[in-house]
Amino acid sequence: MSTVTPVALTCGEPAGIGPEIAPRARAVLGRELPFFWIGDPLHLPEGTAWAAISVPREAAAVPPDVLPVLPHGFAGLRRPGRPDPAQAQGVIDVIARAVALVQSGEASAVCTLPINKKALKDGAGFAFPGHTEYLAHLAGGAEVVMMLACPGLRVVPATIHIALAEVPRALTPEGLEKVIRITHASLIRDFGVAQPRLAVAGLNPHAGEGGAMGREEMDWIAPLCDRLRAEGMAVAGPLPADTMFHAAARARYDVAICMYHDQALIPIKTIDFAGGVNVTLGLPFVRTSPDHGTAFDIAGLGLADPSSTVAALRMAATMAAARGA
């Protein structure tokens, strides 16, 4: 029987593929690492083998082909592809419950299955842009950074869900420095990289090409990188983004700091579309998530691929072990 503290897997949006992914992930992982699902067992697909637990440590005693479930009642049954506003508060409460279990030491990490922000806003007045901001709130207002990771690449977008036209205004020396420092500290603490190598992308084509295609690199990105290097950080850049992601280039750094959403996510989704993991850096606890959404279009059809969730659970357990959780 495993004595490792289990990972808490939240149910996510019941109308999405989350309830289908959880038992499939259990089938893949078996005894490899202990985790338990928090949600309403009535939302699991018909025929799912599951066992109720009352506290997380009981997950270790559940057979490897059975999903350990910490029951959390919801209002109503699951309707695949059709979010029920009455269930929105339950989704939010499950996230908060998982965080509380990690904070108390009963769970080692939080792995979150996808939510639907509109459903939460419509049904419960959810005031946060997404999971990340809510988790930061639960952590007391922690400053956080989003990382996407797969075995061949880690990327961090310095700006995330904003229009491309807003990116130059949103990027500031102070903001980029904060992203770099949080990422650097997390690579040491959570990933066991003793001397992290960070590659910083330019904002403009060819990293501005000496000012011919934009001045942000010359005016403040390069000076920031120079200052961090003077402190002893292994920071390369600003680099032309179009030459940063081929295999030889990726071997020269541990993480790529990108200036905007697609600059970071296009390469990682190209390299490993099914196995990417969303990681929130800067929290006082470990949080990972599969890098996909609720997939309402295939919910209930038995087509959900658990690969990203399996990768997210594995990464959560590895990061928690690095922290000694």
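You'll find the structure just up there.
The present account deals with the structure reproduced in this document. (Residues numbered from 1 in each chain as written. Predicted model: local features only at pLDDT ≥ 70, side-chain atom pairs only at ≥ 80, totals over all residues. Heavy atoms only, no water.)

**Let's talk about the environment of Cys258**
Reasoning step 1: As for its position among the elements, Cys258 is in strand S10 (residues 255-258).
Reasoning step 2: On the accessibility criterion, Cys258 (0% relative accessible area) is buried.
Reasoning step 3: Here the alpha-carbon distance between Cys258 and Ala317, two residues 59 residues apart in the chain, equals 26 Å.
Reasoning step 4: Discounting chain neighbours no more than four positions away, the residues touching Cys258 are Val156, Pro157, Ala158, Ala201, Phe245, Gln263 and Ala264. (Helix = DSSP H or I, 4+ residues; strand = E, 2+ residues; numbered from the N terminus. Buried < 20%, exposed > 50% of the residue type's maximum accessible area, 1.4 Å probe, protein only. Contact = heavy atoms within 4.5 Å.)

**Examining the packing of aromatic side chains**
Reasoning step 1: Going through the model one piece at a time under the given rule, you end up with three aromatic pairs.
Reasoning step 2: Centre to centre, the rings of Phe126 and Phe128 are 5.5 Å apart; their planes meet at 55°, and the pair counts as tilted.
Reasoning step 3: The ring of Phe191 has Arg154 lying over it, and the distance from NZ or CZ to the ring centre is 4.8 Å. (Phe/Tyr/Trp six-rings, centres within 6.5 Å; stacked < 30°, edge-to-face > 60°. Lys NZ or Arg CZ within 6 Å of the ring centre and 35° of its normal.)

**Brief notes about helix H6 (residues 173-191)**
Reasoning step 1: A rise of 1.5 Å per residue sets the reference length of H6, with its 19 residues, at 27 Å; its end C-alpha atoms lie 26 Å apart and thus fit the reference within 8%.
Reasoning step 2: Of the positions making up H6, those classed as buried are Leu176, Glu177, Val179, Ile180, Ile182, Thr183, His184, Ser186, Leu187, Asp190 and Phe191.
Reasoning step 3: Gly192 occupies a position one or two residues after H6 and carries a positive phi of about 70°. (Expected span 1.5 Å × (residues − 1).)

**A few points about unusual backbone geometry**
Reasoning step 1: Cis rather than trans, the peptide bond between Gly237 and Pro238 has omega equal to 0°.
Reasoning step 2: Turning to its location among the elements, Pro238 is positioned in strand S9 (residues 234-239).
Reasoning step 3: Despite not being glycine, His206 has its phi angle at roughly 55°, a positive value.
Reasoning step 4: As for its placement among the helices and strands, His206 is situated in the loop between strand S8 (197-201) and helix H7 (216-230).
Reasoning step 5: Even without being a glycine, Ala295 presents a positive backbone phi close to 50°.
Reasoning step 6: Residue placement: Ala295 occurs in the loop between strand S12 (287-290) and helix H10 (307-323).
Reasoning step 7: Judged by its relative accessible area of 24%, Ala295 falls in the partly exposed class.

**Remarks on the pairing of S8**
Reasoning step 1: The buried fraction of S8 amounts to four of the five residues, a majority that puts the element mostly inside the structure.
Reasoning step 2: For the segment spanning S8, H7 and S9, crossover handedness is right-handed.
Reasoning step 3: Here S8 runs beside S10; their pairing, made up of three bridges, is parallel. The partner of Val200 across the bridge, within S10, is Ile257. (Right-handed = clockwise from strand over helix to strand, strands pointing away. Pairing = 2+ DSSP bridges.)

**Some details on the pattern of salt bridges**
Reasoning step 1: Following the criterion strictly, the structure yields 13 salt bridges and no others.
Reasoning step 2: Where Glu20 meets Arg78, a salt bridge forms, and the shortest distance between an N and an O atom there is 2.5 Å. In this pair, Glu20 is assigned in helix H1 (residues 18-29) and Arg78 in the loop between strand S4 (67-71) and helix H2 (88-103), connecting sequence segments 58 residues apart.
Reasoning step 3: Assessed through its relative accessible area of 6%, Glu20 is described here as buried. (Salt bridge = Lys/Arg side-chain N within 4 Å of Asp/Glu carboxyl O.)

So yeah, pure geometry; function would need other evidence.
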